[in-house]
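Fold and contact review
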Amino acid sequence: MTGHAPESVWGGAMGVPALVELAGERGRAVLRDTDDADEVIEACTGTLRPHALTVRGSGSRLSTRLTHVPLQDLSVNLLRYGAEVTVSSGDGVLDDYLLTLPVAGAGRFRYGGEDAVATPGQGVIIGPHREFEFAFDEAYDQVVVRLDRARVESVAAALTGEVGPVHFDLALAPGVASVDGLMESAVSLVDSTASAHRPQLIWQFEQLIIETLLLAQPNSRTLAPEMGATSPRVRQAMDFMVDRLGEPLTVTAIAEACGTSVRSLQAAFRRELGTSPVQWLRAQRLERAHALLTTGAPGLSVTDVAYRCGFFHLGEFGAAFRARYGTTPSALLASRR
């Protein structure tokens, strides 16, 4: 559907071009070579974020293509305007982060006081906190990943213990290139048998994508080196717990699964993460509960969420949730419906 970058860019055949092809197959065509500016603005606002659009050049006409692949708190979108355009801040409230991976052409991005040129192999990420303006040439083609603001900030809070906005550097760092493979895996699960039997799989890939961004892309919450959980033992314990958030776990069971002692595991968590395994596990359970409640899915209840996230005492769940997020699980669920 969209132009392709050379295979050497974005990690070769498994990079952005492969993501483009898969998203084209799994996604819904929202716009097909549309030349009506109002229709383009309405569709892109509904799919991405509110904005203003200006077509540059005398006699230029839009030929806009937009394909949309919804996940859970993320979406993958293929967008090509087909003309020289300027996209700038609109009047609506922003509640997302936009990760842009160029496929062809060039675009100049301004976000707040930062400027960056985006080309194949050099992407950008913008937040919901500052004014923006993008100037694209006629050949500019892109993958735009929309990330829900509440989910990003919730994951950041779980990683750092700090609540509030996350401000990313505009130009993507080299270490972020791995997200295209994670997104390809997530998109491949859309409408699949695997996701039908285990709907949490897409959620888990979203978690990995957001954590990769927070750990690899410089931002206002950038973790200190000792917070990166670089030791294999701690990473093994973290993976073990994340895979079993809905199960009753003891620190003894976690240590045994990782082939270490409780004392050694606790010391490693304190040294690398500044917390204990049990406290880290609780934070992850709360973060997942917050993400599930934020979706407000039909038929979802607070009890379902609590049990799915490993909380088997509803009073304890409600108190811990309110202490972390300043609201109750039931109030958050009601506000999202």
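Report follows, based on the coordinates.

Calculation notes
- Residues numbered from 1 in each chain as written.
- Predicted model: local features only at pLDDT ≥ 70, side-chain atom pairs only at ≥ 80, totals over all residues.
- Heavy atoms only, no water.
- Patch = residues over 30% accessible without salt bridge, like charges linked within 9 Å, V, L, I, M, F, W, Y side chains within 5 Å.
- Areas by Shrake-Rupley, 256 points an atom, 1.4 Å probe, with all protein chains shown as cover.
- Salt bridge = Lys/Arg side-chain N within 4 Å of Asp/Glu carboxyl O.
- Helix = DSSP H or I, 4+ residues; strand = E, 2+ residues; numbered from the N terminus.
- Buried < 20%, exposed > 50% of the residue type's maximum accessible area, 1.4 Å probe, protein only.
- Polar contact = N/O pair within 3.5 Å; in protein donor to acceptor, adjacent residues only side chain to side chain.
- Contact = heavy atoms within 4.5 Å.
- Core = buried A, V, L, I, M, F, W, Y, C linked by side-chain atoms within 4.5 Å.
- Pairing = 2+ DSSP bridges.
- Axes fitted to C-alpha atoms, helices over the stretch in contact; angles between N-to-C directions.

Attention shifts here to a nonpolar patch on the surface. A cluster of nonpolar residues, Tyr307, Phe312 and Leu314, forms a patch on the protein surface that exposes about 300 Å² of accessible area. Note that Leu314 resides in helix H12 (residues 314–325). Classification of Leu314 as partly exposed rests on a relative accessible area of 39%.

Let us now look at the side chain of Glu153. Within the element layout of this structure, Glu153 appears in helix H3 (residues 149–160). Given the relative accessible area of 16%, Glu153 is considered buried. Of note is the side chain of Glu153, whose polar atom sits 3.4 Å from the side chain of Tyr97. Those residues in contact with Glu153 that lie beyond four places of it in its chain are Tyr97, His129, Gly164, Pro165 and Val166.

Another aspect to go through is the pattern of salt bridges. Close approach of charged atoms lets side chains of opposite charge pair. All told, the structure shown has 11 salt bridges when counted by the stated rule. We note a salt bridge from Glu287 to Arg151, for which the minimum N-O separation is 3.6 Å. Linking Glu287 in helix H10 (residues 277–295) with Arg151 in helix H3, this pair joins segments that are 136 residues apart in sequence. For the pair shown, Glu287 and Arg151 are each scored as buried. The network of salt bridges with shared partners includes Arg49, Asp95, Asp96 and Arg146.

Let's shift gears to the nonpolar core. Residues Val76, Leu99, Val143, Leu147, Phe168, Met183 and Leu214 are the most contacted members of the largest nonpolar core, which totals 40 residues. Of all elements in the fold, only helix H1 (16–26), strand S4 (74–80), strand S6 (96–104), strand S11 (141–148), H3, helix H4 (179–188) and helix H6 (200–216) reach the threshold of two or more residues within this core. Of all the elements, H6 adds the most residues to this core, at 6 residues. Those residues within four positions of Phe168 in sequence are excluded, and the remaining contacts are Tyr97, Glu114, Ile125, Val152, Leu213, Leu214, Gln217, Pro218 and Asn219. Grouped together as the second largest cluster of nonpolar side chains are 27 residues, Leu79, Val85, Leu94 and Leu170 included.

A separate point is unusual backbone geometry. Of note in the backbone geometry, Asp33 takes a positive phi value of approximately 50° without being a glycine. Tracing the sequence through the fold places Asp33 in strand S1 (residues 28–34). Judged by its relative accessible area of 42%, Asp33 is partly exposed. Phi angles above zero are rare outside glycine, and Asp191 is one such case at about 60°.

Mapped onto the elements, Ala283 comes out in helix H10. Each C-alpha atom of the pair Ala283 and Ser188 lies 29 Å from the other, and the pair is 95 residues apart in sequence. Among residues more than four places away in sequence, those in contact with Ala283 are Ala158 and Arg324.

It is worth spelling out the sheet that holds strand S8 (residues 114–118) at this point. Pairing within the open sheet is antiparallel, and its 5 strands lie in the order S2-S5-S10-S7-S8. Pairing within the sheet leaves two strands with one partner each, and these edge strands are strand S2 (51–55) and S8. Across this sheet, the average inter-strand angle for adjacent strands is 15°, counted without regard to direction. Bridging between strand S5 (residues 85–89) and strand S10 (residues 132–136) involves 4 bridges; their strand directions are antiparallel. Paired with Thr86 across the strands is Ala135, a residue of S10.

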